[in-house]
Amino acid sequence: HKNVHLSITPDILHQLYQGVVKHLIHWCSSLMSEQELDDRIRCLPPCFGVHHFKKGWSELSQVSGKERKDMARIFWGV
């Protein structure tokens, strides 16, 4: 018999990327208030192919994978 769970390997690059993005978002949130962060996100111009967070990030109760990717894409503009 084979152990199926041994054949499933984690995607290290994906996990590292998500961990770094999550850390940077929390770090940035600790540097400024939620209101200031939301204001900075709202004032970014809409960009083709990237979600525009009109209400900022503090209003999000759940974040999907695509939203997290879009958060990472606009993070450097904040």
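Bear in mind that the values here come from a model prediction, so they are computed numbers and not experimental data. Numbering of residues starts from 1 in each chain and follows the order in which that chain's sequence is written. Confidence filtering applies because this is a predicted model: local features only for residues at pLDDT of at least 70, side-chain atom pairs given and counted only at 80 or more, and all residues used for totals across whole chains, interfaces and linings. Excluded from the side-chain calculation are hydrogens and water; included are all heavy atoms of the structure.

### Some points on the packing of aromatic side chains
Then step 1. Here a Phe, Tyr or Trp ring, Trp counted by its six-membered ring, pairs with any other such ring whose centre lies within 6.5 Å, and the pair is stacked when the planes are under 30 degrees apart, edge-to-face when over 60, and tilted otherwise. One pass over the structure, following the stated rule, counts one aromatic pair.
Then step 2. Aromatic pair Phe-53 and Trp-57: ring centres 6.3 Å apart, planes at 90°, arrangement edge-to-face. The two residues Phe-53 and Trp-57 agree in class, both being buried. Summary of the burial criterion: residues with accessible area below 20% of their type's maximum are buried, those above 50% are exposed, and those between are partly exposed, where the area comes from a 1.4 Å probe applied to protein chains only.

### Looking at the confidence of the model for the chain
Then step 1. Scored from 0 to 100, pLDDT records how confident the predictor is in each individual residue. When pLDDT is averaged across the chain, the result is 83; 99% of the residues are at 70 or more.
Then step 2. Helix and strand assignments follow DSSP, with helices taken as H or I runs no shorter than four residues and strands as E runs no shorter than two, numbered in order from the N terminus. By mean pLDDT, helix H3 (residues 65–75) is the weakest element of the chain at 83, and helix H2 (residues 34–42) is the strongest at 89.

### What about the packing of helix H1 (residues 12–31) against H3?
A pair of packed helices is characterised by two quantities: the angle between their axes and the separation of those axes.
Then step 1. Between the N-to-C directions of two axes lies an angle of 0 to 180 degrees, each axis being a line fitted to C-alpha atoms and, for a helix, fitted only over the stretch in contact. The geometry of H1 relative to H3 is characterised by a closest axis approach of 11 Å and an angle of 60° between their N-to-C directions. In this view, H1 runs oblique relative to H3, as classed from their interaxial angle. Pair H1 / H3 crosses with left-handed handedness. Of the residues in H3, those touching H1 at Tyr-17, Gln-18, Val-21, Leu-24, Ile-25 and Cys-28 are Arg-68, Met-71, Ala-72 and Phe-75.
Then step 2. For the contact of H1 with H3, a count of residues per class yields eight nonpolar, one polar and one charged. Orientation is classified from the angle alone, with under 35 degrees giving roughly parallel, over 145 giving roughly antiparallel, 65 to 115 giving roughly perpendicular, and any other angle giving oblique. Here is the rule for handedness: rotate from the far helix to the near one, and if that takes an anticlockwise turn smaller than a right angle the crossing is left-handed, while a clockwise turn gives right-handed. Contact criterion: two residues are considered in contact whenever any of their non-hydrogen atoms come within 4.5 Å of each other. Ten residues, namely Ala, Val, Leu, Ile, Met, Phe, Trp, Tyr, Cys and Pro, are considered nonpolar, four, namely Asp, Glu, Lys and Arg, are considered charged, and the remaining ones, Gly among them, are considered polar.

### Digging into the layout of surface pockets
Then step 1. Grid spacing is 1 Å over the protein atoms alone, the probe is 1.4 Å, and a cavity is where that probe fits but cannot get out, while a pocket is an open set with protein on both sides within 12 Å along at least five of seven lines and lining residues have an atom within 4 Å of a point. Grid points are joined across faces, edges and corners, and a volume is the space filled by probe spheres set on the points. By volume, the largest pocket is sized at about 260 Å³.
Then step 2. What lines the largest pocket is a set of 13 residues, among which Ile-25, His-26, Ser-29, Trp-57 and Met-71 lie closest to the centre.
Then step 3. Counting only elements with at least two residues in the lining of the largest pocket, the list comes to H1, H2 and H3.
Then step 4. The leading source of residues in the lining of the largest pocket is H1, at four residues.
Then step 5. Of the residues contributing to the lining of the largest pocket, the split by class is six nonpolar, three polar and four charged.

### Let's talk about the nonpolar core
Most often, soluble globular proteins have nonpolar side chains that are buried together.
Then step 1. Residue types Ala, Val, Leu, Ile, Met, Phe, Trp, Tyr and Cys, when buried and joined through side-chain atoms within 4.5 Å, form a set referred to as a nonpolar core. Ranked by internal contacts, the top residues of the largest apolar core, which has 15 residues, are Ile-25, Leu-37, Ile-41, Phe-53, Trp-57, Ile-74 and Phe-75.
Then step 2. Elements with a minimum of two residues in this core: H1, H2 and H3.

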